[in-house]
Amino acid sequence: MTPPVVPREAGNGPACYQGYLEGALVTGWFHPLESRGGSATLEDSTGYSTLRGGRRASGVDVTFRAMACAIGAFRPVAARPPAKQEETKRMTITYDKLFIGGDWTSPSSDRTITVVGASTEEIIGSLAEAQEADVDAAVDAARTAFDDPNGWSNWEPGRRAEVMERFADALDSRAEEIAQRVSAQNGMPIAISSAFEATFPAALLRFYANVARTMTTEEERAGLLGGTITVRRDPLGVVGAIVPWNFPQSLAAFKYAPALAAGCTLVMKPSPETSLDMGLVADAAAEAGLPAGVINIVPGGREVGAYLVSHPRIDKVAFTGSTGAGRAIAEVCGRMLRPVTLELGGKSAAIILDDADLDLATVGEKLFQNTMLNQGQTCFMGTRILAPASRYDEVVDTFAALASSLTIGDALDPGTQIGPMASSAHRDRVEGYIAKGKAEGARLVLGGGRPKSRDKGWFVEPTIFADVDNKFTIAQEEIFGPVLSVIKYNDDEEAVRIANDSEFGLGGSVWTRDPARGFGVATRVQTGNIGINGFVPDPSSPFGGVKASGLGTELGPEAVHHYQQIKSIYKQ
Ligand code: NAD
């Protein structure tokens, strides 16, 4: 028997393990209660079993191995009893002030945003809604902080890095609360928010703190025409950062972490659906000693965002959201000649080559991660499944089996793999696409409705369409829900052609037992990011879209360049 592998220290919250119970492979979320020297005591969060030191409580031998990435229990290959109905933690959170200039300040009006939980349809909090006057105050604070000759933008990068690391520590100490707020608001399964939203921002801050320490901001060059030229990379200025609701913490950090490393200051506008979690970011920034005005937060809707984008006293816009909003923002920035990075929508292809391993026991987790993560409300999902004609039915069956094995539930339940849509309006939109798919002649293989087990919450069943033509609306437009379209192709050439027959170019994946062949196909797909047998965006490497999926990139050391201004100083 292989000894257990425990990926985290005891007490760090749930982690995902896969292992053998009485000879059958099972996957589940477990709370590490104790881990010492290769043995562990684990409690299955479903209440099904307790594993002790490689032995089940009953004394039956088990082996288990940690999953590389704590995504969730997605594949009950052994029969498992239904998850215990747990009373999940409810919350009511109120913010009557706005975080501006390093402090919680009174807003200019008494207007508020009411936040409703996606799983429960109950009010879970309310917060002050920023108005134009508040955006003006936030921009003023960011401007003052940026222009201070002894301030943040003029600090040695190493000094900024120290504060960024303290900021990361302060976020870590709030990780559990961050995950809970995100999940309660937008319906992201807590397993996913714990693995990503609660950890990625701190990891990014530490990554960019390192970049700050090692980056070159000044370079001497011998001029071709004589003399010497100093080429500088100065901090760009005040950044207006606009964030969507799907991964509110990570996508905010995609912007503030490199911006802080560069020496910029920010005014951040979260989505109205997910602003409660940003209060914790404000508290962490203050606790870490980020100077007043370096980060300011103005919760509000589209109008507040539009006002910020066109504000005369900011220097750059960093936006993640829909392609429609991105185009509107690009027009304003174009007119104002204002630098902008745009991370927009996607309709990526998951290309299953004819030699792909379709055994869910080996590839199920990665297929889930790349097609349905966060019930499809993830920009880089491969929602067009391109299947070879020779294995078409097998591919359809595989995705139907994967989708039907997923546990639908309250986002705060650790066993949940598929939570609700983030808002009622968004569920309507997703359901509209499902209706369109049927009307255009696609074959509904699985799902298509609302799960009968849920009487509250904006749930949509995982849905698989077969016999989809790439010209159908469901294959061309971003649905942003748990809806996959399986499209037939005849050879690799045609697969690449269909993959590229899209307005978008953000993510994608190629599934094959031959990595070299997969790499060859991947190089021909017009996209900003693609994985061979799956991927999750990695902080080390640029992430961005082509075509209608965006302009510029985030992540990787390169992202710092988007927050710097190049200046050449000639010395004769
Ligand atoms: P959205 O475009 O409706 O809103 C995003 C943010 O922009 C919100 O804060 C919103 O209030 C604000 N906003 C909307 N219109 C604006 C305008 N004209 N000016 C300024 N601000 C404006 O998008 P959403 O529904 O919140 O998020 C889902 C979308 O985000 C999907 O299309 C998804 O693909 C995309 N997304 C892209 C990436 C990426 O990295 N490419 C990542 C996550 C999400």
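One numbering rule holds for all chains: residues counted from 1, following each sequence as written. Selection of residues for local features in this predicted model requires a pLDDT of at least 70, selection of side-chain atom pairs for listing and counting requires 80 or more, and totals for whole chains, interfaces and linings are taken over all residues. Based on all heavy atoms of the structure, the side-chain values leave hydrogens and waters out of the count.

A. Geometry of the overall build of the protein. Numbering of helices and strands runs from the N terminus, with a helix taken as a DSSP run of H or I at least four residues long and a strand as a DSSP run of E at least two residues long. Within the protein one finds 15 helices and 31 strands. Expressed as a percentage of its 572 residues, the buried residues of the protein come to 59%. Note on contacts: a residue pair is in contact if any heavy atoms of the two residues lie within 4.5 Å. A fraction of 71% describes how many contacts in the protein between residues 6 or more apart in sequence connect residues 24 or more apart. Put simply, the protein shows about 22200 Å² of open surface, and 50% of that area lies on carbon and sulfur atoms. Only protein chains enter the accessibility calculation, which uses a 1.4 Å probe; a residue is then buried when its area is under 20% of its type maximum, exposed when over 50%, and partly exposed in between. A 1.4 Å probe and the Shrake-Rupley method give the accessible areas. Residues count as covered only by the protein chains that appear here.

B. The arrangement of the sheet that holds strand S22 (residues 463-466) in detail. For two strands to count as paired, DSSP must find a minimum of two bridges between them. An order of S21-S22-S23-S20-S19-S25-S26 is seen for the 7 strands of this open sheet, with the pairing classed as mixed. Looking along the sheet, the strands with just one partner apiece sit at the ends: strand S21 (443-446) and strand S26 (531-532). Taken together, the 3 bridges between S22 and strand S23 (residues 483-489) define a ladder with parallel strand orientation. Looking at S23, one finds that Ile 464 is bridged to Leu 484. In this analysis, axes come from line fits to C-alpha atoms, helices being fitted only over the stretch in contact, and the angle between any two N-to-C directions falls in the range 0 to 180 degrees. The strands that helix H14 (residues 492-500) touches are strand S19 (348-352), strand S20 (382-388) and S23; relative to S23, the one it contacts most, it runs at about 140°.

C. A look at the packing of helix H3 (residues 175-186) against helix H4 (residues 190-197). Two elements in contact, H3 and H4, have axes whose closest approach is 9 Å; the angle formed by their N-to-C orientations is 130°. In this view, H3 runs oblique relative to H4, as classed from their interaxial angle. Crossing hand, H3 versus H4: right-handed. Where H3 abuts H4, its residues Ile 178, Ala 179, Gln 180, Val 182 and Ser 183 lie against Ile 190, Ser 193, Ser 194 and Glu 197. Nonpolar residues are Ala, Val, Leu, Ile, Met, Phe, Trp, Tyr, Cys and Pro. Charged residues are Asp, Glu, Lys and Arg, and all others, Gly as well, are polar. Across the contact of H3 with H4, the residue classes break down as 4 nonpolar, 4 polar and 1 charged. An angle below 35 degrees is read as roughly parallel, one above 145 as roughly antiparallel, one from 65 to 115 as roughly perpendicular, and any other as oblique. Crossing handedness: left-handed means the near helix sits turned counterclockwise from the far one by under a right angle, and right-handed means the same turn made clockwise.

D. Region of interest: the environment of Ser 549. With respect to the helices and strands, Ser 549 occurs in the loop between strand S28 (546-547) and strand S29 (550-551). In this structure the C-alpha to C-alpha distance between Ser 549 and Gly 507, which are 42 residues apart in sequence, comes to 9.3 Å. Discounting chain neighbours no more than four positions away, the residues touching Ser 549 are Leu 342, Glu 343, Leu 344, Gly 345, Gly 346, Phe 504, Gly 505 and Leu 506.

E. Broad picture of the pairing of strand S12 (residues 218-222). One ladder, built from 5 bridges, connects S12 with strand S13 (residues 228-235); its direction is antiparallel. Within the sheet, the bridge partner assigned to Glu 219 lies in S13 and is Val 231.

F. Region of the structure containing the nonpolar core. Ranked by size, the top nonpolar core spans 91 residues in total, and within it Phe 167, Tyr 208, Tyr 256 and Leu 260 carry the most contacts. The element best represented in this core is helix H6 (residues 248-262), accounting for 10 residues. When neighbours within four sequence positions are excluded, Phe 167 is seen to be in contact with Leu 205, Tyr 256, Leu 260, Val 281, Ala 284, Ala 285, Ala 288, Leu 290 and Ile 295. The set of buried Ala, Val, Leu, Ile, Met, Phe, Trp, Tyr and Cys residues whose side-chain atoms join them within 4.5 Å is what this entry labels a nonpolar core. Of all hydrophobic cores here, the second largest spans 29 residues; its members include Ile 351, Phe 465, Ala 499 and Val 521.

G. View of the site of the ligand. Each residue is tested against the molecule or strand, and it is near if at least one of its non-hydrogen atoms lies within 4 Å. Residues in close proximity to the ligand total 27 residues, the closest being Val 243, Arg 302, Ser 322, Leu 344 and Glu 478. For the purposes of these results, a polar contact is taken to be a pair of N or O atoms within 3.5 Å, where, inside protein, one atom must be able to donate a hydrogen and its partner to accept one; residues adjacent in sequence count only when each atom of the pair is a side-chain atom. The separation between an oxygen atom of the ligand and a polar side-chain atom of Lys 269 is 2.9 Å. At 3.2 Å from an oxygen atom of the ligand is found a side-chain nitrogen or oxygen belonging to Ser 271. The cavity that encloses the ligand is the largest pocket. Secondary structure elements with two or more residues in the shell around the ligand: helix H8 (302-309), strand S17 (316-320) and helix H9 (323-336). The element that contributes the greatest number of residues to the shell around the ligand is H8, accounting for 4 residues. Each cavity reported here is a set of points on a 1 Å grid over the protein atoms alone in which a 1.4 Å probe fits but cannot get out, each pocket an open set with protein on both sides within 12 Å along at least five of seven lines, and each lining residue one with an atom within 4 Å of a point. What decides whether a molecule sits in a cavity or pocket is whether more than half of its atoms lie within 2 Å of the grid points.

H. Seen up close, the sheet that holds S12. Within the open sheet, the 3 strands sit side by side as S12-S13-S31. Their pairing is antiparallel. With one partner strand each, in any of the chains shown, S12 and strand S31 (564-571) form the two edges of the open sheet. Each neighbouring strand pair of the sheet contributes to a mean axis angle of 20°, computed without reference to strand direction.

I. Spotlight on H6. By this rule the span expected of a helix is its residue count minus one, scaled by 1.5 Å. Across its 15 residues, H6 extends 22 Å between first and last C-alpha, which sits within 8% of the 21 Å expected from 1.5 Å per residue. Burial of H6 is extensive: 15 of the 15 residues sit out of reach of the surface.

J. Inspection of the environment of Ser 194 at higher detail. Within the fold, Ser 194 resides in helix H4. Along the chain, Ser 194 and Glu 176 lie 18 residues apart, while their C-alpha atoms are 7.0 Å from each other. The contact partners of Ser 194, leaving out residues within four places of it in the chain, are Ala 179 and Thr 199.

K. Layout of the layout of surface pockets. Grid points are joined across faces, edges and corners, and a volume is the space filled by probe spheres set on the points. For the largest pocket, the calculated volume is near 820 Å³. Contributing to the lining of the largest pocket are 33 residues, with Trp 245, Phe 319, Gly 321, Ser 322 and Ala 325 lying nearest its centre. Its residues assigned to classes, the lining of the largest pocket shows 17 nonpolar, 10 polar and 6 charged.

L. Quick look at helix H11 (residues 392-404). Helix length check: H11 (13 residues) gives 18 Å between terminal C-alpha atoms against 18 Å at 1.5 Å per residue, within 8%. Among the residues making up H11, those that are buried are Tyr 392, Val 395, Val 396, Thr 398, Phe 399, Ala 400, Leu 402 and Ala 403. Among the structural elements, S19, helix H10 (360-371), S20, S21, S22 and S23 are those in contact with the buried residues of H11.

M. Summary view of the pairing of S22. Across the two faces of S22 the burial is the same, with Thr 463 and Phe 465 and Ile 464 and Ala 466 all buried. Relative to S22, S21 runs antiparallel, the two sharing 3 bridges. For Leu 446, the partnering residue across the bridge sits in S22 and is Ile 464.

N. Focus on the confidence of the model for the protein. In predicted models, pLDDT denotes the confidence assigned by the predictor to each residue on a 0 to 100 scale. Per-residue confidence for the protein gives a mean pLDDT of 88; residues scoring 70 or more make up 84%. Predicted confidence for residues 1-88 stays below pLDDT 50, and this span has 198 contacts to residues more than four positions away or in other chains.

O. A look at the packing of aromatic side chains. Between the rings of Phe, Tyr and Trp (Trp by its six-membered ring), a pair exists once the centres lie within 6.5 Å; its type follows the angle of the planes, with under 30 degrees stacked, over 60 edge-to-face, and the other angles tilted. All told, the structure shown has 10 aromatic pairs when counted by the stated rule. On the basis of an interplanar angle of 45° and a centroid distance of 5.1 Å, the ring pair of Phe 380 and Phe 535 is categorised as tilted. Taken together, the positions of Phe 380 in the loop between H10 and S20 and Phe 535 in the loop between S26 and strand S27 (543-544) put the pair 155 residues apart, joining distant regions of the chain. Plain terms: the ring middles of Phe 380 and Phe 543 are 6.3 Å apart, the flat faces sit at 80° to each other, and that makes the pair edge-to-face. Highlighted residues: Phe 380 in the loop between H10 and S20 and Phe 543 in strand S27, separated in sequence by 163 residues. Comparing Phe 380 with Phe 543, the two get one shared label, buried. Sitting over a ring, as applied to charges here, requires NZ of Lys or CZ of Arg to be within 6 Å of the ring centre and within 35 degrees of the ring normal. Here Arg 159 stacks its cationic end above the ring of Trp 155, 3.7 Å away from the centre of that ring. Between the NZ or CZ atom of Lys 316 and the centre of the ring of Tyr 563, over which it lies, the distance is 4.9 Å.

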